[in-house]
Amino acid sequence: MKIFLDSTNIEEIREINKLGIIDGITTNPSLIAKSGKGFNQILKSICKEVKGPVSAEVTAESFENMLSEAKILSKISKNIVIKLPLTFNGLKACKHLTKKNYKTNVTLCFTVPQAILAAKAGATYISPFIGRLDDANVDGVQLIREIKLIFSHYNYETKILAASIRTKNHVTQSALAGADVVTIPPKVFSSLVNHNLTDKGL
Ligand code: E4P
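Below is a short write-up of the structure. (Residues numbered from 1 in each chain as written. Predicted model: local features only at pLDDT ≥ 70, side-chain atom pairs only at ≥ 80, totals over all residues. Heavy atoms only, no water.)

Near the ligand you find Asp6, Thr26, Asn28, Lys83, Phe129, Arg132, Ala163, Ser164 and Arg166, and these make up its full shell. Contact distances for the ligand include 2.8 Å between an oxygen atom and a side-chain N or O atom of Asn28. For the ligand, an oxygen atom lies 2.7 Å from a polar atom in the side chain of Lys83. Burial of the ligand by the surrounding chains reaches 84%, relative to a free accessible area of 340 Å². Residue composition of the shell around the ligand, grouped by class: two nonpolar, three polar and four charged. (Near = heavy atom within 4 Å. Polar contact = N/O pair within 3.5 Å; in protein donor to acceptor, adjacent residues only side chain to side chain. Areas by Shrake-Rupley, 256 points an atom, 1.4 Å probe, with all protein chains shown as cover. Nonpolar A, V, L, I, M, F, W, Y, C, P; charged D, E, K, R; others polar.)

What follows is the structure, given as structure tokens:
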């Protein structure tokens, strides 16, 4: 299983990346807005720090504008993955960009049929949102299990990227369900390292 950090905080990314076990980064427009820095500037510094895939999300909702944004984002660095929303236009853009050899991450996935459509559109990654489903009293990890099973029936190559991770248990359950990637916010990542019995043992 690959581990991505779900963050735009370059200081935190740098610190955790010193472990040498971070495989990539996911960002989203809200995380970038919170950081108070420019979109391109942040993505550039992240791509310099982490050599693996860095997801950068389009904000446009029309097909044409998604493509224009994808073009601009992809010029930032060769490890940029274009993150597209799971909408009709997002799927259309995914199919189009896949044909042109772009790497894509189709985000905001909340159901199995949505994941199947993203796989058919050639998405490199599909991002089911575990935490937000749990918030709505739906078992988020069950969605990962079902997508995993269905993708294995049809040998879909799209990787399952468990997103909206809120707890240590989400990480355990995503790994048990066979997620290919788990994207973890720095705060949750730090909680993975520690255990009181480890401290006591010291
Ligand atoms: C990652 O790609 C997603 O944007 C992120 O995990 C969403 O997390 P949230 O539901 O905590 O906002």
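What follows covers the nonpolar core. Ile80 and Ile126 are the most contacted members of the largest nonpolar core, which totals 58 residues. Sorting elements by how many residues they give to this core places helix α8 (residues 140-154) first, with six residues. The residues touching Ile80, leaving out its near neighbours within four places in the chain, are Leu43, Cys47, Val54, Ala56, Leu73 and Ser74. Grouped together as the second largest cluster of nonpolar side chains are seven residues, Phe4, Tyr125, Phe129 and Val181 included. (Core = buried A, V, L, I, M, F, W, Y, C linked by side-chain atoms within 4.5 Å. Buried < 20%, exposed > 50% of the residue type's maximum accessible area, 1.4 Å probe, protein only. Helix = DSSP H or I, 4+ residues; strand = E, 2+ residues; numbered from the N terminus. Contact = heavy atoms within 4.5 Å.)

Bringing helix α5 (residues 88-99) into the picture now. An α-helix turns once per 3.6 residues; consequently, residues spaced three or four apart project the same way. Between its terminal C-alpha atoms α5 stretches 17 Å, which fits the 16 Å expected from 12 residues at 1.5 Å a residue. Of all the residues in α5, the buried ones are Gly90, Leu91, Ala93, Cys94 and Leu97. Projected down its long axis, α5 shows its buried positions confined to an angular sector of 160°, all on one face. Projecting away from the buried face of α5 at angles above 90 degrees are the exposed residues Phe88 and Lys99. Elements in contact with the buried residues of α5: α4 (63-74), β4 (80-85), β5 (104-109) and α6 (112-120). Positive phi shows up at Asn101, right after α5, with a value of about 70°. (Expected span 1.5 Å × (residues − 1). Arc of directions from axis to C-beta.)

In a regular helix each residue adds 1.5 Å, so 12 residues correspond to 16 Å; α4 covers 16 Å between its end C-alpha atoms and thus fits that length. Residues Phe63, Met66, Leu67, Ala70 and Leu73 constitute the buried set of α4. For α4, the angular spread of buried residues about the axis comes to 130°, placing them on one side. Among the exposed residues of α4, those oriented more than 90 degrees off its buried face are Glu64, Lys71 and Ile72.

Remember that the coordinates give geometry; whether it matters functionally is a separate question.
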